Amino acid sequence: MAEPHPTDRLVRELVRLYGDAHQRTLERLAAALRQGRSPVFYRAWLRELQQILAELRTGTHRWALGEAGQPGAVDAAWRAGAESSVASFAAAGRQLDTATFAVVNRDAVTVTARNLTEGLDAALQVTGTRVQGWLGAAQLLATAGTGGRVPLIGRRVQDELRRAGLEATARKLTEGLTVRDMRRVLLDDLVQRGITVVQDQAGRNWSLPAYSEMVARTTTREAYTQGTIQVVERAGHDLVRASTHWPTCPMCAPRQGRVYSLSGRTPGWPALAAVGPTPWHPNCGHSLAPFVPDLTDSADLERLQELSNRPFDDDPRSRDEVDAYNRSQRINALRRERRRLLAQREADVVPLDAHMRRWAEELQRSDVDPARRRQLQEKLSERAEQWETGRRQRLRQVNAELRQLVGEQRRAIQRVHRQLGGVVPVTGGAGPVTPSSHPVDVRLREVVTSRRRLTPGELAGVRAHVARAGFSERLVAAGRRLTGVQYEGRQLDARERIPSDVQHWLLRVVADQQWPPNTSRQEFLRSLRVMLRQRPVAAFTYRYRGEDILLLIVRTLQRYRGPQARDLLGVIYSATYGRVKTAYQDHTIEEFLPRGGATDVQRHI
């Protein structure tokens, strides 16, 4: 996939916050619907819900606006765009006074951040309304048939999402469903649709984590672009170039790679106003960078000018690129279906079709003789078993198609990468295929090639860079050692694909017990950053299996020592792709070095 954008780390911070809260909410709702509880339980859960939403609201504002002198995500994204543009001019031999750009356009940043928080606050309000409706439905089920009169939680809420949940409960009166069948109806609806907060014009439902990710990614990219544009304008420059990605969507394809005039007054170049600044759509991955014609030879400049002035209504993508983009969309759709099937399995959901509803309704009649009642119950059980068998088969089909498509996409991406010589960022979910262009990674690769030693100052900068980098964003197989380990309410299978940082967290905390029990994923990742701030015991660079590697070894701090802790922590970092490959504890320095196949080994400490 493409080299991570400077704003991606900011987005991941918010996505994890919302994803964890959403999972907690779904798990508690499913538990409430599976088993009847007293009114005291629902009042306690309502208080917990209100606490979750309050924590999310506080976390969102802290993330977007910052606190205690620390810049918020929007401010940081703006600065990243500005600093990247200053570095671009420096590479062109034009040194800018960075103090001129140290003062952020506070009004623009504040307005952008406020708009982001208001949008997510509205989503949280809808979430609260939706969940209160589910709690009301669950509470009715818990007291169904008892004659008890229980005040409905959220009875004053008029939102249509809440009414949708209560309408399902009303079917008990109109269709004669049992309380058990009603729970299945509600659980199926909950798993199928989740907690929907937004429906767009295309009719797609956005869950809270997906919506927060879209808003965060789009807003931070907007701030990054504004930081770029402001530096370019203050430098007295007028031309910017849009990034290029492969494959890309039909909206971005005619717009990417072109050079634009910010003012619209530079002859020979189209005005940026014709397409608008990036991002061009929600979740868009494109950005702008300064373009200096003097650094481009005449042939390339002529080609760029021709490209930039083509009609915007022409789709320049080849058949292969269209196929790759459609394949990526299919992969995403299959992954969503797979998550839904797994969630149905965990919630023990069996949807009631028309036949099952009719049989359930007949069961409610008092004049049904015992033989017919047994027959209906057997039919219901047989139908439920058939559906469960079909679900297992569909899950196998989805997994098989995913493996095939991901393999095809990986091969297509590698083929295009070879054709393009690595000059175009390539995306597609098949893992990194382009080297990192971050200055620290470039310097590390030069150090491996030359086998020179890092200076103390360089090593300090490298440690700070590695601490911020994080693990690869690609999905990896859980592996045999994590088979049966609980993750997000389910037991992992060896072949199940999970995020790389999740795999390392579960390996070190659960399987190896090197970290204290119950260490969360966030605490595990934070512990690596904290320990990397120490002075290393040893540092090595070397080339291994085609990648340039940095190995940092520090002492394990006492507060991060679990039952099977070791004295040393080793962090192995790929300077080729700009990502941590692995991190674990061991007793001796030699245990962290590769057993064989490493070349150009240089010890720096």
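Remember, predicted model here, so these are calculated numbers, not experimental data.

## Brief notes about the state of the cysteines
- Inspection of every chain in the model, using the stated rule, returns 0 disulfides.
- In this model C249 remains outside any disulfide bridge; the closest cysteine sulfur is found in C252, 3.6 Å from its own.
- We classify C249 as buried; its relative accessible area is 11%.
- When its relative accessible area of 1% is taken as the criterion, C252 is described as buried.

## Some words on the sheet that holds strand β7 (residues 288-290)
- On the basis of which strands lie adjacent, the open sheet formed by 3 strands has the order β6-β5-β7 and antiparallel pairing. Two strands close off the open sheet at either side, each with one partner strand: β6 (259-261) and β7. The mean angle between the axes of side-by-side strands here comes to 40°, regardless of whether they run parallel or antiparallel.
- Most of the contacts of helix α7 (residues 208-234) go to β7, to which it runs at about 20°, and overall it touches β5 (239-242) and β7.

## A word on the confidence of the model for the chain
- On average, residues of the chain carry a pLDDT of 77, and 73% of them reach 70 or more.
- Of all helices and strands in the chain, the one with the weakest mean pLDDT is helix α5 (residues 160-175) (42), whereas strand β14 (residues 568-574) scores best (95).
- Confidence over residues 144-177 falls short of pLDDT 50; this stretch has 64 contacts with residues more than four positions distant or in other chains.
- Counting interchain partners and residues more than four positions distant, the pLDDT-below-50 stretch residues 428-433 has 18 contacts.

## Some words on a positive patch on the surface
- Residues R526, R529, R533 and R559 make up a contiguous surface patch of positive charge.
- Along the chain, R559 falls in the loop between β13 (547-555) and β14.

## Considering the pairing of β14
- Judged by how many residues are buried, β14 sits mostly within the fold: 7 of 7 residues are covered.
- The side-chain alternation of β14 yields two buried faces, one formed by L568, G570, I572 and S574 and the other by L569, V571 and Y573.
- Bridge count between β13 and β14: 7 bridges; the pairing is antiparallel. Counterpart to I549 in the pairing with β14 is S574.
- In the sheet, β14 pairs with strand β15 (residues 579-586) via 7 bridges, with the strands oriented antiparallel. Looking at β15, one finds that L569 is bridged to Q585.

## Digging into the sheet that holds strand β12 (residues 538-544)
- Spatial strand order, β15-β14-β13-β12-β16: 5 strands in an open sheet with antiparallel pairing. A strand with exactly one partner marks an edge of an open sheet, and here the two such strands are β15 and β16 (599-603). Here the average twist between neighbouring strands, direction ignored, is 15°.
- Pairing between β12 and β13: 7 bridges, direction antiparallel. Each residue of the ladder has a partner; that of A538, found in β13, is I553.
- Together, β12, β13, β14 and β15 form the strand contacts of helix α13 (residues 456-469), whose direction differs from that of β13 by roughly 95°.

Definitions and cut-offs
Residues numbered from 1 in each chain as written. Predicted model: local features only at pLDDT ≥ 70, side-chain atom pairs only at ≥ 80, totals over all residues. Heavy atoms only, no water. Disulfide = S-S within 2.5 Å. Buried < 20%, exposed > 50% of the residue type's maximum accessible area, 1.4 Å probe, protein only. Pairing = 2+ DSSP bridges. Helix = DSSP H or I, 4+ residues; strand = E, 2+ residues; numbered from the N terminus. Axes fitted to C-alpha atoms, helices over the stretch in contact; angles between N-to-C directions. Contact = heavy atoms within 4.5 Å. pLDDT = per-residue confidence, 0-100. Patch = residues over 30% accessible without salt bridge, like charges linked within 9 Å, V, L, I, M, F, W, Y side chains within 5 Å. Areas by Shrake-Rupley, 256 points an atom, 1.4 Å probe, with all protein chains shown as cover. Salt bridge = Lys/Arg side-chain N within 4 Å of Asp/Glu carboxyl O. Lys, Arg positive; Asp, Glu negative; His and termini not counted. Charge placed at Lys NZ, Arg CZ, Asp CG, Glu CD.

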